[in-house]
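Each chain is listed here by its residues.
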Amino acid sequence: LGLLINFASIQGNIDCPGFMVEARFHDYCCSSGEVIAAVARSSGIVGARNATLVEVGVETAVTSQELLDLLPSSISLIGVDPFEYDMPDPEMTHDEKEQRKMLQIRYNKKWLNSVGDVAEDIFASAKPVGRAKLLRQTSLQAAELCFEGTGADFVFIDGDHSQVAVGKDVEAWERVLAQKPSDQGLPKKILAGHDFTQMFLGVV
């Protein structure tokens, strides 16, 4: 299952003032890229001028490539990934720390450098030139430093799966969504997530 939160009219009041929240769950039926593209089409983002989609947690860039293939070139794709996954937060639970240790067997420096280079090539080769950009930063760094005054229309979070990181990501990217001017003709802003499963209780 994937968690989708649709930010509708600018009149609600949650942690990030100014949003009404509609939460919807989508059964797994296909790849992440196909689901995101379908949601983007149904939301009205496809066809809008200067729309920006942010993918937080790029890893192998498989989803990034799918989005570039499935969405029109009028939509800009910005990927965010530091390609450094050995940064445990002291607020992580014991189980999350143990899970992180196991994941580090796969996410070693050599492997991360390799997939990071592949991701760089995928983003650099996107057409037209300048349509896609990869930020090799943490989620919070990118949200705080790279979207000031510009915002985004759609944010897909698939980064650090610990509870504390997910909470910080949601809060930071809510603010990014709120910064995008509301006069672009888009009916809603979208914050979507991945891995809403018992395997990743921090996401749940």
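Not measured: the values here are computed from a predicted model.

A count of helical and extended segments in the protein chain gives 6 helices and 7 strands. The secondary structure elements of the protein chain, listed N-terminal to C-terminal, are β-β-α-β-α-β-α-α-β-α-β-α-β. Buried positions account for 45% of the 204 residues belonging to the protein chain. Long-range pairs, those at least 24 residues apart, make up 71% of the contacts in the protein chain with a sequence separation of at least 6. Carbon and sulfur atoms make up 54% of the accessible area of the protein chain, which totals about 10,600 Å².

Right, let's get into the pairing of strand E7 (residues 189-193). Burial of E7 is extensive: 5 of the 5 residues sit out of reach of the surface. Here E7 shows two buried faces, one formed by Lys-189, Leu-191 and Gly-193 and the other by Ile-190 and Ala-192.

The next thing to look at is the packing of helix H1 (residues 32-43) against helix H2 (residues 62-70). Closest axis-to-axis distance for the H1/H2 pair is 8 Å, and the angle between their directions is 40°. On the basis of the axis angle, H1 is oblique to H2. Viewed along their axes, H1 and H2 form a crossing whose handedness is right-handed. Facing Ser-32, Gly-33, Glu-34, Ile-36, Ala-37 and Arg-41 of H1, the residues of H2 in contact are Thr-63, Glu-66, Leu-67 and Leu-70.

Put simply, Lys-127 and Pro-128 share a cis peptide bond, and its omega is -5°. With respect to the helices and strands, Pro-128 occurs in the loop between helix H4 (109-124) and strand E5 (132-135). Here Glu-59, not a glycine, exhibits a phi torsion of approximately 50°, which is positive. By secondary structure assignment, the location of Glu-59 is in the loop between strand E3 (52-56) and H2. Of note, Ala-61 is a non-glycine position whose phi angle comes to about 65°, a positive value. Inspection of the secondary structure assignment puts Ala-61 in the loop between E3 and H2. According to the relative accessible area criterion, Ala-61 is buried, its value standing at 0%.

What follows covers the packing of aromatic side chains. With the rule as written, the count across this model stands at 1 aromatic pair. Geometrically, the ring pair formed by Phe-147 and Trp-173 is edge-to-face, given 5.3 Å between the ring centres and 75° between the ring planes. Here Trp-173 lies in helix H6 (residues 163-179) and Phe-147 lies in the loop between helix H5 (139-145) and strand E6 (154-157), a separation of 26 residues in the sequence.

Time to look at the confidence of the model for the protein chain. Across the protein chain, the average pLDDT comes to 77, with 69% of residues at 70 or higher. Taken together, the stretch residues 1-19 has pLDDT below 50 and engages in 69 contacts with residues farther than four places along the chain or on a different chain.

Moving on, we come to empty space enclosed by the protein. Enumeration according to the criterion identifies 1 cavity of 30 Å³ or more in this entry. Estimates place the volume of the largest cavity at around 30 Å³. Lining the largest cavity are Leu-53, Leu-67, Leu-68, Leu-71, Ile-75, Leu-77 and Arg-131. In the lining of the largest cavity, the residues fall into 6 nonpolar, no polar and 1 charged.

Reading the values: rules and limits
- Residues numbered from 1 in each chain as written.
- Predicted model: local features only at pLDDT ≥ 70, side-chain atom pairs only at ≥ 80, totals over all residues.
- Heavy atoms only, no water.
- Helix = DSSP H or I, 4+ residues; strand = E, 2+ residues; numbered from the N terminus.
- Buried < 20%, exposed > 50% of the residue type's maximum accessible area, 1.4 Å probe, protein only.
- Contact = heavy atoms within 4.5 Å.
- Areas by Shrake-Rupley, 256 points an atom, 1.4 Å probe, with all protein chains shown as cover.
- Axes fitted to C-alpha atoms, helices over the stretch in contact; angles between N-to-C directions.
- Parallel < 35°, antiparallel > 145°, perpendicular 65-115°, else oblique.
- Left-handed = near helix turned anticlockwise from the far one by under 90°.
- Phe/Tyr/Trp six-rings, centres within 6.5 Å; stacked < 30°, edge-to-face > 60°.
- pLDDT = per-residue confidence, 0-100.
- 1 Å grid on protein atoms, 1.4 Å probe; cavity = no way out; pocket = protein on both sides within 12 Å on 5 of 7 lines; lining within 4 Å.
- Points joined across faces, edges and corners; volume = space filled by probe spheres on them.
- Nonpolar A, V, L, I, M, F, W, Y, C, P; charged D, E, K, R; others polar.

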